[in-house]
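Residue-level structure breakdown
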Amino acid sequence: MKVRYFAWVRERVGKAEEDIDPPSGITTVGDFVAWLAGRGEGYAYAFENPNVVRSAIDKRHVRPDARIAGAREIAFFPPMTGG
Amino acid sequence: MSVTIRLQRKPFDTADEVAALTHGRTDIGAVVTFIGICRADENGEPIAALNLEHYPEMAEAEIGRHVEAARQRWPLLGVTVIHRYGRIAPGESIVLVVTASSHREAAFASAEFLMDYLKTRAPFWKQVEKASKAGDKSWVEAKSRDNSAAERWDSR
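Scope of this entry: the structure provided in the associated data block. (Residues numbered from 1 in each chain as written. Chains lettered and ligands numbered in written order. Predicted model: local features only at pLDDT ≥ 70, side-chain atom pairs only at ≥ 80, totals over all residues.)

1. Looking at the overall build of chain A
- The secondary structure content of chain A amounts to 3 helices and 5 strands.
- When the helices and strands of chain A are read in sequence order from the N terminus, they spell out β-α-β-α-α-β-β-β.
- For 83 residues, the compact-globule estimate of 2.2 N^0.38 gives 12 Å, and the C-alpha radius of gyration of chain A, at 12 Å, lies within 12% of that figure.
- Referenced to the eigenvectors of the C-alpha coordinate spread, the extents of chain A come out at roughly 35 × 30 × 20 Å.
- Taking all 83 residues of chain A together, 30% fall into the buried category.
- Here the analysis covers contacts within chain A between residues at least 6 apart in sequence; of these, 52% occur between residues at least 24 apart. (Helix = DSSP H or I, 4+ residues; strand = E, 2+ residues; numbered from the N terminus. Rg over C-alpha atoms; globule rule 2.2 N^0.38 Å. Buried ≥ 20, exposed ≤ 12 C-beta atoms within 10 Å, placed from the backbone. Contact = placed C-beta atoms within 7 Å.)

Next up, the structure:
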């Protein structure tokens, strides 16, 4: 599964994208975020307040309870500030 | 309905976009344009520029979904949305929304609807380059009033 990071989430993680196969038992976006936060200092910093970070699966906004099974691409980013 | 959605680095020409949307048509009675412009200050501090980061594939899809939602709410004849990314200096345009309909009510309302959703749902992030210290950058924080502006459409 391709994982992409944007804006300050990208800066804190230290990369724009990577391929990750989440371990079994990780079924929702929220589970995945908690697991990612345990991967290292940058990840912990990026996801220190998981309620702030937004997520998208296959280019659609999703909530933390969304299931990740079958996702090709999952993205994490701050609240949007376009327009 | 003619729909144009473009994400681009270069500036846009509003008059050209309106002309492209209305050319050869006699059913359009109202066109509303909204242009978002980069100010020279953010939270009272002078800025040198904005840097806009985006998630290209999702931005296009997300804007498309909101244009479709607008089309279902109002009798629209055309919509153009252009959103720039990259470095944008104060005074330069950032975003253009053009809506066309037979009458003004739909054109005004849908332009506002699209902008409210663009601000909170389209995956763009503004980073400020401060004017005071060279190279000093900070991410613009989302404003709760923008969320309220988008949410008010949910109850209408």
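2. Examining the overall build of chain B
- Helices and strands together make up the secondary structure of chain B, namely 4 helices and 9 strands.
- In sequence order, the secondary structure elements of chain B are arranged as β-α-β-β-β-α-β-β-β-α-β-β-α.
- Against the compact-globule benchmark of 15 Å for 156 residues, chain B has a radius of gyration of 16 Å, which places it among compact chains.
- Considering only C-alpha atoms, chain B reaches an extent of 55 × 35 × 30 Å along its principal axes.
- Considering chain B as a whole, with its 156 residues, one finds that 31% of them fall into the buried category.
- Contacts in chain B between residues at least 24 apart in sequence constitute 76% of all its contacts with a sequence separation of at least 6.

3. Thoughts on the sheet that holds strand β5 (residues 76-84) of chain B
Residues and elements named next belong to chain B.
- Judged by pairing direction, the sheet is mixed, and its 4 strands sit side by side in the order β1-β5-β7-β2 without closing on themselves. The open sheet is flanked by β1 (2-8) and β2 (30-37), the only strands paired with a single partner. On average, each strand axis in the sheet is inclined to that of its neighbour by 5 degrees, with strand direction left out of account. (Pairing = 2+ DSSP bridges. Axes fitted to C-alpha atoms, helices over the stretch in contact; angles between N-to-C directions.)

4. Some details on unusual backbone geometry
Residue and element names in this part refer to chain A.
- If you check the backbone angles, Ala7 has positive phi at about 55 degrees while not being a glycine.
- Its identity is not glycine, yet Asp58 carries a phi of approximately 50 degrees, on the positive side.
- If you trace the backbone, Asp58 turns up in the loop between β3 (54-57) and β4 (60-62).

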